[in-house]
Amino acid sequence: MNLIELSIISLTSAMVVYALAFIAFAMDLARRSAAVGAAQQGQVSEAEQPVAVAAGSVAGSSTSVNSASVNSASAGSASVGPGPLPRAGKPKAADTGLAYGRSPSLRVGVALTVLAWVLHLAAVLMRGIAAERVPWANMYEFSMTGTLLIVGVFLLVLTRVDLRFLGTFITGLVLVLLLLASMNFYVEVAPLPPALQSVWLVIHVFVASLATGLFALGFALSVVQLMQFRRESIAAGGKPARLRFLATLPSSQKLENLAYRVTIIGFILWTFTLMAGSIWAEKAWGRYWGWDTKEVWTFIIWVIFAGYIHARATRGWRGSRSAWLAIIGFSAVLFNFGIVNVFFKGLHAYSGL
Amino acid sequence: MSRPSDHYDSRPPVSEAGDGVTQPKLGFIGWLRWFWRQLTSMRTALFLLLLLAIAAVPGSLVPQRSSDPNGVTQYFADNPDLAPVLDNFQAFDVYSSAWFSAIYLLLFVSLIGCVIPRTAHHLKALRAAPPKTPARLARLAGFTTRQAPAGTDAATAVDSARRLLKSTGYRVALFNSRSRAGRSEFSVSAERGYLRETGNLVFHSALVGVLVTVGFGSGFGFSGQRVLVEGQTFVNTLGAYDSFNPGRFFDDGTLDPYKLSLDTFEADYEMENLDAYGQPIDFTADVTITHRGQESEAGTVKVNEPLYTGGTDVYLLGNGYAPTITVKDPDGNVVFTDSIPFLPQDANLTSMGVVKVPDGLDEQLGMLGFFYPTQDVAASGAYFSSFPDLVYPMLTLNVYAGDLGLDSGVPASVYTLDVDELTPLTGRDIGIDSIELMPGETQDLPNGLGSVTFENANPDAADGDFTGSVPRFASFDIHHDPTQGWVLLFAILVLLGLLTSLFVPRRRVWVKALEGDDGSIRLEYAGLARGEDPTLEAAVSALADRHAALLEADAPPADAPADSLPGGSQQTDSQQTDTRQT
Ligand code: HEM
């Protein structure tokens, strides 16, 4: 058995483990819904303790503030006292929604994701070693490495901010992309054509994939933000909202800030991608910019995200409208990768298909 | 006006509707003002940005004349009805079209209109002191309180906060006011992160720089193409180019007439990996450059490694075979001999070329040739090439006689032969086999017109070894763009500006000391984010901790004498530990 076959086996195993992780994360979401349901059942007794809630929040204890919003979700605003909520204590706690903790299935989901990522990494490394070059020179390899970076960015961010609730989204997305790539894009290892023999292949494509990983996270957060915002509006009207697990997630405001933070890092990397690509194009094709289809789409994506950043700074555009721009931006990234590479004609004819 | 009025951080307009009712009719200047305000608002910038993104899409759906002229010709042939309509909308020149230009020009006018007042405002802000401490800090971000150690007075406590803030990069101002109760309140107001706005302004200004240099850059340069067969030399003068596109302001007198010879062209193809058999691995053009009055020097041009010489950049863009063909009249006199570049048609370099023999024979002769570096026969009997290198080279020629049209004055491409006006002398239609030659072979032309030879460029090679039997050509792009370096410089400024404006937090922080009834000092800390600042609250509480520790260390110890050495040193230690922790 050679390295290339081992790489395929390793990638297939990674996909199986991602699928298991996906199931574990989905079970966690189900448990969250159940937990919220239970909390709403116990509403009557909880509503008798508004004083305790308020006192807790003044002291900066960790659970309080948003249980108020859970209360209001079902029973109106009995527990929200007059005047603004004190902004004391730990901001994280205040924004983490209903206290929920980490269920066993959530822990299993994260552990399986790490395992799958290691297998995935091994598959990518073996492919690279077998090819004796960076493993991102055709569509199959872009997909393999790009998804590795998406999960890598996700796991890295997890060490700093608790975004475990995005596990279903990330593992689901990566699983679908890997399945598509294995079934439609697979090509045998081939040497690099002269135009790809450049350090810029290493830099430009790698940074672009990294940016894609961050945009993916920003996209996921923006989607949850929109759902959360809807729930919050419904809850503010005093009606019970569906998708109860949302009550255990951060507020839409907090989600928006998180989405913004990962997206601007992605934007900076994308800006770099665009510039590195131009420098490379100057070397390989004799001009730094020529409105080749792939260049056009890289530009479009850049402009959309510049629009997103502006929207965040424009009165009337913060919140849901800017979230839509992050969603459109990432859709354009996927389009650029999946459709432009395969179906559009241009100089970037490196899909290997 | 610092930021556009609809920036989320600006104060919302005060009851615009109310103003509208009482406002007198806008005069011309008033309208201009209004228009300018609209043009430089955040909403307009956002709208134009999104419009720009949308307007860029069609250029990726329809071939563009600038990047894919053949695609445009093909599109016209495939969609004879639709194409002219699209052409009216400049759909084949999207990126230089009136509407695309209008969008980005408006965007940049808006950008300039936005950046200038902000720069002016920022320059003023850079010199101004931080604003006065707000009366009540309790509602601000990260509000927290500490009790000053006994024996510390308010002025000293605030001064120590001032020094602490100053040492961590804040601009500071001290204030001393009276509270409603008549007590004296000391406070320090501090601000940092002016670099954030600077970065933002650098970013936007550098964008203008990129646009302007790109816009003008093409005007001062040129780009030209030239095909060279191995052994040929090109002199960098206007007439020597196969095609030449000067910019608007380019002066051909400035061309440096260096000589460039293509000595050899080497192509490597994959032969081991059967999955990628025949895929190109490396192309190398070995050249010799001679500047006027100087020794010649050797150079190489590769796909990702252009050659920079004589103020020009030389790129290797294409390559192929240039079979050497000799035609003789019936008496054996050479009437034509040349290496003719054949244009590759596929990855295995099946190539097509044209031979035109205007003089020396009874009739003008045109030959349409196909060259197969490794000839193979399909089941249908058609020839094709199965490998791009010279394993079994074969040249086929279809011969035509008649007026080649070279004297009509209409420039004709050397790569095409208009056979409509010519009489075929070979071909399936008239039942005469076309001419087939391997390197070194000669055949008679039909009708006793003479003979044609496919010269072997490497006649001394062993039998069956055809490497080097056919010369190769390389096509070079030669450019000159004096503004390229400027574009790079502005691009780097864009990136640096972006990094600072997105990662330097701009914040205000206040520390206030309030005297209580019992003479104790309460210290209040709070901050205000100016723009995205996720770490503000943590920063305020860290400041409070550090400041409290400082005061603790400076305070006269309550029970130990002030000059007690061991105690003093211990306190210093604990202060340092605190500093490290924060
Ligand atoms: C070529 C068009 C433009 C592009 C590509 C662009 C891009 C950007 C980007 C990437 C940022 C975030 C980074 C930073 O703060 O430096 C930004 C911020 C900003 N832009 Fe632009 N911009 C453009 C035009 C404009 C125009 C016309 C205006 C004025 C109306 C404007 C006003 C601003 C402001 C005020 C911010 C700061 C936002 C904040 O406070 O977070 N920009 N722009």
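Residues numbered from 1 in each chain as written. Chains lettered and ligands numbered in written order. Predicted model: local features only at pLDDT ≥ 70, side-chain atom pairs only at ≥ 80, totals over all residues. Heavy atoms only, no water.

## Quick word on the environment of Gly172(A)
Residue and element names in this part refer to chain A.
So, point 1. Here Gly172 shows up in helix α8 (residues 167–184).
So, point 2. Distance from Gly172 to Ala14, taken between C-alpha atoms, is 13 Å for residues 158 residues apart in sequence.
So, point 3. Not counting chain neighbours up to four residues away, the residues in contact with Gly172 comprise Phe22 and Gly167. (Helix = DSSP H or I, 4+ residues; strand = E, 2+ residues; numbered from the N terminus. Contact = heavy atoms within 4.5 Å.)

## Observations concerning the pairing of strand β3 (residues 184–192) of chain B
Regular strands place their side chains on alternate faces of the sheet.
Residue and element names in this part refer to chain B.
So, point 1. Most of β3 sits out of view: seven of its nine residues are buried.
So, point 2. Note that strand β2 (residues 171–178) and β3 share eight bridges and pair antiparallel. Note that in β3 the partner of Leu174 across the bridge is Val188.
So, point 3. In terms of strand pairing, β3 meets strand β25 (residues 507–515) through eight bridges, oriented antiparallel. Considered in β25, the bridge of Ser189 is made with Trp510. (Buried < 20%, exposed > 50% of the residue type's maximum accessible area, 1.4 Å probe, protein only. Pairing = 2+ DSSP bridges.)

## A few points about the pairing of strand β11 (residues 312–321) of chain B
All names here are of chain B.
So, point 1. Most of β11 is tucked away, with nine of its ten residues classed as buried.
So, point 2. Bridge count for strand β10 (residues 307–309) against β11 is three bridges, and the pairing is antiparallel. Bridge pairing in β11 links Tyr308 to Asp313.
So, point 3. Here β11 pairs with strand β24 (residues 472–480) via eight bridges, running antiparallel. Bridged to Tyr321 within β24 is Arg472.

## What about the sheet that holds strand β7 (residues 259–269) of chain B?
Residue and element names in this part refer to chain B.
So, point 1. Taken in spatial order, the four strands line up as β5-β7-β8-β9 in an open sheet, and their pairing is antiparallel. Where the open sheet ends on each side, the last strands, each with one partner, are β5 (233–235) and β9 (296–302). Averaged over all pairs of adjacent strands, the angle between their axes in this sheet comes to 30°, without regard to strand direction.
So, point 2. Note: β7 against strand β8 (residues 280–290), ten bridges, orientation antiparallel. Paired with Ser261 across the strands is Thr288, a residue of β8. (Axes fitted to C-alpha atoms, helices over the stretch in contact; angles between N-to-C directions.)

## A look at the environment of Phe154(A)
Residue and element names in this part refer to chain A.
So, point 1. For Phe154, the position within the fold is in helix α7 (residues 139–158).
So, point 2. On a C-alpha basis, the gap between Phe154 and Met126 in space is 23 Å, while along the polypeptide they are 28 residues apart.
So, point 3. In this structure, Phe154 is in contact with Leu163, Arg164, Leu166, Gly167, Ile170 and Leu217, ignoring residues within four places of it in sequence.

## Topic: the side chain of Asp313(B)
So, point 1. Mapped onto the fold, Asp313(B) is located in strand β11.
So, point 2. The side chain of Asp313(B) sits in the buried core without any salt bridge; Lys283(A) is the nearest counter-charge, 8.4 Å away.
So, point 3. Separated by 3.5 Å, the side chains of Asp313(B) and Tyr315(B) make a polar contact.
So, point 4. When near neighbours in sequence (up to four residues on either side) are disregarded, Asp313(B) contacts Glu282(A), Leu307(B), Tyr308(B), Asp477(B), Ile478(B), His479(B) and Gln484(B). (Lys, Arg positive; Asp, Glu negative; His and termini not counted. Salt bridge = Lys/Arg side-chain N within 4 Å of Asp/Glu carboxyl O. Polar contact = N/O pair within 3.5 Å; in protein donor to acceptor, adjacent residues only side chain to side chain.)

## Thoughts on the site of the ligand
So, point 1. Near the ligand you find 26 residues, and of these His310(A), Cys114(B), Asn200(B), His204(B) and Ser501(B) are the closest.
So, point 2. The ligand sits at a junction of chains, with neighbouring residues supplied by chains A and B.
So, point 3. Within the side chain of His310(A), an N or O atom sits 2.5 Å from a nitrogen atom of the ligand.
So, point 4. With respect to the ligand, the side chain of His204(B) contributes an N or O atom lying 2.8 Å from a nitrogen atom.
So, point 5. For the shell around the ligand, the secondary-structure elements that each account for two or more residues are α11 (293–312) of chain A together with α3 (42–56), α7 (98–127), α9 (194–220) and α10 (484–503) of chain B.
So, point 6. Taken together, the residues of the shell around the ligand sort by class into 16 nonpolar, eight polar and two charged. (Near = heavy atom within 4 Å. Nonpolar A, V, L, I, M, F, W, Y, C, P; charged D, E, K, R; others polar.)

## Here's the deal with the interface of chain B and chain A
So, point 1. Residue-level contacts link 60 residues of chain B with 55 residues of chain A.
So, point 2. Taken together, the two surfaces of chain B and chain A that pack against each other cover about 4,800 Å², and 66% of this comes from carbon and sulfur.
So, point 3. Across the contact surface, chain B and chain A share zero salt bridges.
So, point 4. The interface formed by chain B and chain A contains twelve residue pairs in polar contact (both at pLDDT 80 or more).
So, point 5. Where the side of chain B that touches chain A is concerned, the elements lending two or more residues are α3, α4 (58–61), α9, β8, β11 and α10 of chain B.
So, point 6. Ranked by the residues each element gives to the side of chain B that touches chain A, the list is headed by α10(B), at ten residues.
So, point 7. For the side of chain B that touches chain A, the per-class residue count stands at 37 nonpolar, twelve polar and eleven charged. (Buried area = accessible area lost by both parts, 1.4 Å probe.)

## Focus on the nonpolar core
So, point 1. Within the largest apolar cluster, 126 residues are counted, with the highest numbers of intra-cluster contacts made by Leu163(A), Leu166(A) and Leu221(A).
So, point 2. Take this core: its biggest share by element is 16 residues, from helix α10 (residues 252–285) of chain A.
So, point 3. Leave out the neighbours within four places in its chain, and Leu166(A) touches Phe154(A), Leu217(A), Ala220(A), Leu221(A) and Val224(A).
So, point 4. Residues Ala195(A), Val287(B), Ile289(B) and Val355(B) belong to the second largest nonpolar core, which totals 54 residues. (Core = buried A, V, L, I, M, F, W, Y, C linked by side-chain atoms within 4.5 Å.)

## Examining the coordination of the iron atom of the ligand
So, point 1. At this site the iron atom of the ligand is bound by His310(A) (NE2) and His204(B) (NE2), with donor distances of 2.0 Å.
So, point 2. If you look at the iron atom of the ligand, its six donor atoms make angles of 76 to 178° with each other, and the shape they trace is octahedral. Of this pair, His310(A) sits in helix α11 while His204(B) sits in helix α9, on two different chains.
So, point 3. Given a relative accessible area of 19%, His310(A) falls into the buried group. (Donors = N, O, S within 2.8 Å, 3.2 Å for Na, K, Ca; no water. Tetrahedral: all angles 85-135°; square planar, octahedral: opposite > 155°, others 65-115°.)

## Some words on the pattern of salt bridges
All names here are of chain B.
So, point 1. Applying the stated criterion across every chain, the model contains 21 salt bridges over all chains.
So, point 2. Between Asp545 and Arg146 there is a salt bridge, with its nearest N and O atoms 2.4 Å apart. Of this pair, Asp545 sits in helix α11 (residues 536–554) while Arg146 is found in strand β1 (residues 141–147), placing the two residues 399 residues apart along the sequence.
So, point 3. Among the salt bridges present, the one from Arg530 reaches Glu191, with a minimum N-O distance of 3.3 Å. Here Glu191 lies in strand β3 and Arg530 lies in the loop between β26 (521–529) and α11, a separation of 339 residues in the sequence.
So, point 4. Here the salt bridges do not stand alone but share partners, grouping Glu191, Arg506, Arg508 and Arg530 into one network.

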